[in-house]
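Each chain is listed here by its residues.
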Amino acid sequence: MGTRKVAVITGANGGLGYSIACRLLDTISPSVPLTIVVTARYLRKAVETINRLRAYASNRDLLSFDYVLLDLSSISSIDEVAHQLLSRYTHIDYLFCNAGGGDFTGIDWPAAFIEVISGPKNAVTHPHFKRERIGRISRDSLGWVFQINVFANYFFVKQISTLLSGGGRVILISSIETEIAHKFDPEDVQLINSDQPYVDSKKELELMHAAIAERWAEELDVQIYLTHPGICQTSIFAEYLNWFTTFGMLCLFYIARWIGSPWHVITPYKGALAPVWAAVDAVPEADPVDGIVYASATDRWGRPYVKPTHNASTEDRKNGAILVEVMDKLVEDSLERIKVEDK
Ligand SMILES: NC(=O)c1ccc[n+]([C@@H]2O[C@H](COP(=O)([O-])OP(=O)(O)OC[C@H]3O[C@@H](n4cnc5c(N)ncnc54)[C@H](OP(=O)(O)O)[C@@H]3O)[C@@H](O)[C@H]2O)c1
């Protein structure tokens, strides 16, 4: 029996997060004691998730569950969760920064039609037809999408760095869509003016990673892996699709896979391959954290594998340093505000 492993999965209640939990249970030997800490926004979802995972791993002993209620759009919620984890645990082995999303408003159907006709594979890999709200601001007066997808992860990881140091792994979740991200704009770090803040926020996550991964590995012995799940069917965009368009989308996903896209993994369980591999099986000497995105991919027959991709450029590193400098200031300001609110 090994020492207990502790895994924290943000947004474990659905989609990719739930599949990460399942794959983790299938990957870590049952002889290793394991605690999975589920984070969800609401108590009901956290309890339901734990019940489902208990049923999934019903024949496994040495397994325990815990939960914390985390809302990434509230810095005080993240701070509170960090304190709860610091008081309950002495070490975290795996932190999956999975929760996130976008503020989508619908689909530009004429554009979608033209994109699908002119190149179906590209249309469902690098879509330009998903409409996003521009300029949404969070209760913390930050760009909302920037906050939940980028800054919240940075703030959270910093707040619990003592739990991660000495061998912990952080798994960030990016997206293949960063290939169509806008150029980083130092004047709009919070993506308030961006017309595709979701895509651009995922690119910022990559820039952040390029700026901190090597330093955190050297100084704290924390390996921060950047991964993406390929393209899988979850609820991230579901409210804009009915059964007919969902069916059409799935058909296009299978066609894209068949004509050579490695990214249409389709099921979230296959999408969870790279994040779980990075946490459990990657060997830092052979699979360096710095500058690389480890992605979930499949062959034509749907057999999944991990595909290393995208090397951070010199410009990415320079922009990452600018981003991290801005976020360090935001961390300071946020902590100051929380202190004042607590008085
Ligand atoms: N699906 C894909 O093809 C794909 C591709 C690339 C990257 N990703 C990334 O994979 C991750 C998981 O997405 P998904 O596809 O599984 O989508 P999903 O089914 O919508 O799940 C998103 C998860 O994040 C949680 N979440 C959203 N906003 C949050 C907030 N403000 N505070 C705390 N939790 C929040 C959701 O909680 P609720 O249930 O309460 O909303 C849910 O648990 C995201 O980072 C996404 O960007 C997905």
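These figures come from a predicted structure and were not determined experimentally.

**Comments concerning the layout of surface pockets**
Space inside the second largest pocket adds up to approximately 210 Å³. Lining of the second largest pocket is provided by 14 residues; of these, His128, Lys130, Glu132, Asp195 and Gln196 occupy positions nearest its centre. Mapped by element, the contributors of at least two residues to the lining of the second largest pocket are strand E6 (130–132) and helix H8 (197–220). Considering every element that reaches the lining of the second largest pocket, the biggest residue donor is E6, with 3 residues. In terms of residue class, the lining of the second largest pocket is built from 6 nonpolar, 3 polar and 5 charged.

**Regarding the packing of helix H1 (residues 15–27) against helix H11 (residues 273–281)**
At a minimum axis distance of 9 Å, the contact between H1 and H11 shows a crossing angle of 45 degrees. In terms of their interaxial angle, H1 and H11 are classed as oblique. You can see that H1 and H11 cross each other, and the crossing is right-handed. Touching Ile20, Arg23, Leu24 and Thr27 of H1 are Leu273, Pro275, Val276, Val280 and Asp281, all from H11. Its residues assigned to classes, the contact of H1 with H11 comprises 6 nonpolar, 1 polar and 2 charged.

**Quick notes on the site of the ligand**
Taken together, the neighbourhood of the ligand is formed by 26 residues, with Asn13, Arg41, Asn98, Tyr198 and Thr234 sitting nearest. A distance of 2.7 Å separates an oxygen atom of the ligand from a polar side-chain atom of Arg41. Here an oxygen atom of the ligand sits 2.8 Å away from a polar atom, N or O, in the main chain of Cys232. Summarising the interface, the protein chains cover 90% of the accessible area of the ligand, which totals 880 Å² for the free molecule.

**Structural notes on empty space enclosed by the protein**
Empty space among the atoms becomes visible once a probe the size of a water molecule is rolled across them. For the structure shown, the criterion picks out 2 cavities of 30 Å³ or more. Quantified by volume, the largest cavity comes out at close to 50 Å³. As for the largest cavity, its lining consists of Asp103, Arg133, Gly135, Arg136, Trp144, Val145, Gln190, Leu191, Ile192 and Pro197. Taken together, the residues that form the lining of the largest cavity break down as 5 nonpolar, 2 polar and 3 charged. Here the second largest cavity defines a volume of roughly 40 Å³. Around the second largest cavity, the lining residues are Glu206, His209, Ala210, Leu226, Gly291, Ile292, His310, Ala312 and Asp316. In terms of residues, the lining of the second largest cavity owes the most to one element, H8, which gives 3 residues. In terms of residue class, the lining of the second largest cavity is made up of 4 nonpolar, 3 polar and 2 charged.

**A short note on the sheet that holds strand E2 (residues 34–40)**
Strands pair in a sheet through their backbones, by hydrogen bonds, and they do so in one of two ways: parallel or antiparallel. Strand order across the open sheet formed by 8 strands is E3-E2-E1-E4-E7-E8-E9-E10, with mixed pairing between neighbours. Because the sheet does not close on itself, it has two edges, and the strands there are strand E3 (63–69) and strand E10 (304–311). Sheet twist, expressed as the mean angle between neighbouring strand axes with direction ignored, is 25 degrees. As defined by bridge partners, strand E7 (residues 169–173) adjoins strand E8 (residues 223–228) across 5 bridges and the pair is classed as parallel. Bridge assignment links Arg169 to a residue of E8, and that residue is Gln223. Across the sheet, helix H3 (residues 75–88) is in contact with E2 and E3; its angle to E3 comes to roughly 150 degrees.

**Some thoughts on the nonpolar core**
Counting residues in each nonpolar core, the largest one holds 51 residues, and the members touching the most others are Leu85, Leu95 and Met208. Setting aside chain neighbours within four positions, we find Met208 in contact with Val150, Tyr154, Leu172, Gly320, Leu323, Val324 and Met327. Ile36, Ala46, Ala272 and Trp277 belong to the second-largest nonpolar core, a separate cluster that totals 37 residues.

**Structural notes on helix H6 (residues 144–159)**
At Phe151, H6 shows its maximal kink, close to 45 degrees. The buried fraction of H6 amounts to 15 of the 16 residues, a majority that puts the element mostly inside the structure.

**Here's the deal with unusual backbone geometry**
Look at Leu62: it is not a glycine, yet its phi comes out positive at around 55 degrees. Relative to the assigned elements, Leu62 resides in the loop between helix H2 (43–56) and E3. Given the relative accessible area of 34%, Leu62 is considered partly exposed. Despite not being glycine, Asp221 shows a phi value in the positive range, around 55 degrees. With respect to the element layout, Asp221 can be found in the loop between H8 and E8. Among the residues examined, Asp221 registers a relative accessible area of 36% and is labelled partly exposed.

Rules of the game
Residues numbered from 1 in each chain as written. Predicted model: local features only at pLDDT ≥ 70, side-chain atom pairs only at ≥ 80, totals over all residues. Heavy atoms only, no water. 1 Å grid on protein atoms, 1.4 Å probe; cavity = no way out; pocket = protein on both sides within 12 Å on 5 of 7 lines; lining within 4 Å. Points joined across faces, edges and corners; volume = space filled by probe spheres on them. Helix = DSSP H or I, 4+ residues; strand = E, 2+ residues; numbered from the N terminus. Nonpolar A, V, L, I, M, F, W, Y, C, P; charged D, E, K, R; others polar. Axes fitted to C-alpha atoms, helices over the stretch in contact; angles between N-to-C directions. Parallel < 35°, antiparallel > 145°, perpendicular 65-115°, else oblique. Left-handed = near helix turned anticlockwise from the far one by under 90°. Contact = heavy atoms within 4.5 Å. Near = heavy atom within 4 Å. Polar contact = N/O pair within 3.5 Å; in protein donor to acceptor, adjacent residues only side chain to side chain. Areas by Shrake-Rupley, 256 points an atom, 1.4 Å probe, with all protein chains shown as cover. Pairing = 2+ DSSP bridges. Core = buried A, V, L, I, M, F, W, Y, C linked by side-chain atoms within 4.5 Å. Buried < 20%, exposed > 50% of the residue type's maximum accessible area, 1.4 Å probe, protein only. Bend = angle between axes of the 7 residues up to and from the residue.

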